[in-house]
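Each chain, written out:
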Amino acid sequence: MALTSDPPAETSDPPAAETSDPPAAETSDPPAVESAVKDPRTAAPAPADLVVVPVRHPWRWVAVVVTAVLLVQFAHGLVTNPGWEWDVFAAFFTAETILRAVWVTLQLTFYGTALGFAVGIVLAFMRLSASPFLRSVAFGYIWAFRSIPLIVQLLFWFNLAYLYKELSIGIPFGPGFVSFDTMGLVGEMSAAVLGLALHQAAYAAEIVRGGVLSVDHGQSEAAASLGIPRLRQVRRIVLPQAMRSILPNAANEIISLFKGTSIVSVMAIGELFYQVQVVYGRNGRVVPLLMVATAWYVLLTTALSVVQHYVERHYAKGSVR
């Protein structure tokens, strides 16, 4: 066998001892665990060792104390100051003349609100119309009645008979078929309701228009694609959604109108404020009688606010707040 010319085959694999990794002790870098040195001063404390310190608000407490002291002083003055004359207040709060005046105030508020929002809805859709003429007429009405003070409007309607002796219904610019005496047609109460309603309509129109514009136009497009008539779209789709935006502003206007009925006292209408003026003009008890009017205004405004809350909650069904 030794006479063969081929040399013996040499294996290319090195010996097991030469291919094995060097022992860990011979590496130049120490283990990562051993290189990490824990410093007790910089180590994060455990969650159980954390102390939660609430934020202190010293000035908030100062404001609370000052406000509480002022409220207590005001209440003490209401009770102990004899100038308020609470016995006179109690005697006139439910007097027959005051109750009749409250009823007149409620009537003015109801008729002014109903007619005002009825006209305002028409004006709002006129402003949203595609007709430039209707938009211009609605804009002109809103501009005029928001610009003229309410007291001027009331006095104008109260003196309507000075300009027009009679009103007639017939052919335009032609003969009339039915005539009405203006003096008997527009009395004190009618003039007050007319002035309040037309003044309220200008503001109601903008409130309704803003509520309609707040509804996404895609709602109307989807309803039109389903073949729903235009009137039903407005009544069943647009207005129920717009009411969530209309109601808060409308409630504010109604409450403002309720308090604003006191301005009709310039027409000698026996509403609440006028009747209070008449009473304290006779007996000289100004402060307690003004408190009677204030108490009734606060009481009825609170009732209107409660009604507003439940109506808003009804129309807010399904909405996220």
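The rules behind the values
Residues numbered from 1 in each chain as written. Predicted model: local features only at pLDDT ≥ 70, side-chain atom pairs only at ≥ 80, totals over all residues. Heavy atoms only, no water. Phe/Tyr/Trp six-rings, centres within 6.5 Å; stacked < 30°, edge-to-face > 60°. Buried < 20%, exposed > 50% of the residue type's maximum accessible area, 1.4 Å probe, protein only. Helix = DSSP H or I, 4+ residues; strand = E, 2+ residues; numbered from the N terminus. Lys, Arg positive; Asp, Glu negative; His and termini not counted. Salt bridge = Lys/Arg side-chain N within 4 Å of Asp/Glu carboxyl O. Polar contact = N/O pair within 3.5 Å; in protein donor to acceptor, adjacent residues only side chain to side chain. Contact = heavy atoms within 4.5 Å.

Asker: For the packing of aromatic side chains, give the residues involved together with the corresponding values.
Answerer: This structure, assessed with the given rule, holds eight aromatic pairs. Ring geometry for Trp84 versus Trp86: centroids 6.0 Å apart, planes at 15°, classification stacked. For Trp84, a relative accessible area of 23% puts it in the partly exposed group. With 5.4 Å between their ring centres and 85° between their planes, Trp86 and Phe89 make a pair best called edge-to-face. Of this pair, Trp86 and Phe89 both sit in helix α4 (residues 86-93), separated by three residues, roughly a single helical turn. Residue Phe89 is classed as buried on the basis of its relative accessible area, which comes to 16%. Members of the aromatic cluster, each reached through a chain of ring pairs, are Trp84, Trp86, Phe89, Phe93 and Trp296.

Asker: Outline unusual backbone geometry, listing residues and values.
Answerer: The backbone of Glu85 sits at a positive phi, close to 55°, despite the residue not being glycine. Topologically, Glu85 is positioned in the loop between α3 (58-80) and α4. Although it is not a glycine, Ala268 adopts a positive phi angle of roughly 60°.

Asker: Just give me the short version of the side chain of Glu271, but keep the residues and values in it.
Answerer: Inspection of the secondary structure puts Glu271 in the loop between α12 (230-260) and α13 (272-283). The charged side chain of Glu271 is buried without a salt bridge, its nearest counter-charge being Lys259 at 13 Å. A distance of 2.8 Å separates a polar atom in the side chain of Glu271 from the backbone nitrogen of Tyr274. Ignoring any residue separated from it by four or fewer positions in sequence, one finds Glu271 in contact with Ala101, Val104, Thr105, Leu108, Thr261, Ser262, Val264, Ser265 and Tyr297.

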